[in-house]
Amino acid sequence: MSSLNRKLTIAALTVASVFGGLAMPATAGAATANVQIQICNDNGSALKFFLVGYNDQGDWVNSRFWNVPANGCTTANNYWWQTNSSVEFHYVRPPAGWTWHQVYLSKNKNGRTFTYHQS
């Protein structure tokens with residue numbers, strides 16, 4: 001490889017690594033919090049869930065997984081979501097497969113916990 005090709009390759013890799021790191025979505029945080037989501041399971045079987053949507057910083061992110069006991073509630077702590085938009089609520093109750101619903105987070109819920117009931 002010639003010296004010029006090597007320099008161009010190194011420059012291209014440097015640019016790609018810098019801009020590739022900027023394109024990674026940030027984890028949702030409470031810095032500019034809108035709402036946290038609490039899932040209440042109105043069923044006699046436990047469920048597992050995760051959320052997908054725009055966080056409080058405007059990034060499209062997936063949350064981690066949470067378990068909700070039968071007839072109980074769980075708050076998706078440390079994840080904050082934009083109001084006046086929807087999130088995807090993905091859940092499973094074994095032995096059934098995964099399913100999801102779109103959940104609208106109204107603007108008047110700003111700064112509080114939004115509770116969603118799943119039966």
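The rules behind these values
Residue numbers run consecutively from 1 along every chain, following the written order of its sequence. For a predicted model such as this one, the threshold for reporting local features is a pLDDT of at least 70, and the threshold for listing and counting side-chain atom pairs is 80 or more; totals across whole chains, interfaces and linings nevertheless cover every residue. Hydrogens are left out, water is left out, and the side-chain values use all remaining heavy atoms of the structure. In DSSP terms, a helix is any run of H or I states spanning at least four residues, a strand is any run of E spanning at least two, and both are numbered starting from the N terminus. With a 1.4 Å probe rolled over the protein chains alone, any residue whose accessible area is under 20% of its type maximum counts as buried; one over 50% counts as exposed, and the rest are partly exposed. Working rule for contacts: check all heavy atoms of both residues, and any pair within 4.5 Å makes them a contact. To measure how exposed things are, a 1.4 Å probe is used in the Shrake-Rupley method; for residues, cover is taken only from the protein chains shown. In this analysis, rings of Phe, Tyr and Trp, with Trp reduced to its six-membered ring, are considered paired at centre separations within 6.5 Å, and the interplanar angle assigns stacked below 30 degrees, edge-to-face beyond 60, and tilted for intermediate values. Each ring is checked for a lysine NZ or an arginine CZ that lies within 6 Å of its centre and within 35 degrees of its normal; such an atom marks a charge sitting over the ring. The predictor's confidence in any single residue is recorded as pLDDT, a number from 0 to 100. Only buried residues count toward a nonpolar core. Its members are Ala, Val, Leu, Ile, Met, Phe, Trp, Tyr and Cys residues joined through side-chain atoms within 4.5 Å.

## Examining the overall build of the chain
Scanning the chain from terminus to terminus reveals 1 helix and 8 strands. Element order for the chain, N to C, with α for helix and β for strand: α-β-β-β-β-β-β-β-β. Taken across its 119 residues, the chain has 34% of its residues classed as buried. Counting contacts in the chain only where the partners sit at least 6 residues apart, residues at least 24 apart contribute 65% of the total. Total accessible area on the chain is roughly 7200 Å²; 55% of this is exposed by carbon and sulfur atoms.

## Brief notes about the packing of aromatic side chains
Aromatic rings considered in pairs are described by the distance between their centres and by the relative angle of their planes. A complete count under the given rule lists 10 aromatic pairs for this structure. Ring centres of F49 and W66 lie 5.5 Å apart, and the angle between their planes is 25°; on these two criteria the pair is classed as stacked. One end of the pair, F49, is in strand β2 (residues 47-54); the other, W66, is in strand β4 (residues 66-68), with 17 residues separating them in the sequence. Of the two residues, F49 and W66, neither departs from the other in class, the shared state being buried. Summarising the aromatic geometry, the rings of F50 and F65 are spaced 5.1 Å apart at their centres and angled 65° between planes, so their arrangement reads as edge-to-face. Of the two residues, F50 is situated in strand β2 and F65 in the loop between β3 (60-62) and β4; the sequence distance between them amounts to 15 residues. The class for F50 is buried, based on a relative accessible area of 16%. The structure contains a cluster of three or more aromatic residues connected by ring pairs, namely F49, W66, Y79, W81, F89, Y91 and Y116. A cation sits over an aromatic face here: K48 above F65, 5.6 Å from the ring centre.

## Structural notes on the confidence of the model for the chain
Regions with low pLDDT should not have their predicted coordinates read in detail. A residue-level look at the chain finds 70% of positions with pLDDT of 70 or above and a mean pLDDT of 81. Per-residue pLDDT, averaged within each element of the chain, yields its smallest value for helix α1 (residues 3-22) (53) and its largest for β4 (98). Within the model, pLDDT remains below 50 along residues 20-33, and this stretch shows 27 contacts once partners closer than five positions in the same chain are excluded.

## Considerations on the nonpolar core
The biggest cluster of nonpolar side chains holds 19 residues, and the ones touching the most others in it are F49, L51, W81, F89 and L105. Sorting the residues of this core by element identifies β1 (35-41), β2, β4, β6 (85-92), β7 (99-105) and β8 (112-118) as the ones contributing at least two each. With near-sequence residues (within four places) excluded, F89 lies in contact with I39, F49, F50, L51, T99, W100, H101, V103, Y116 and Q118.

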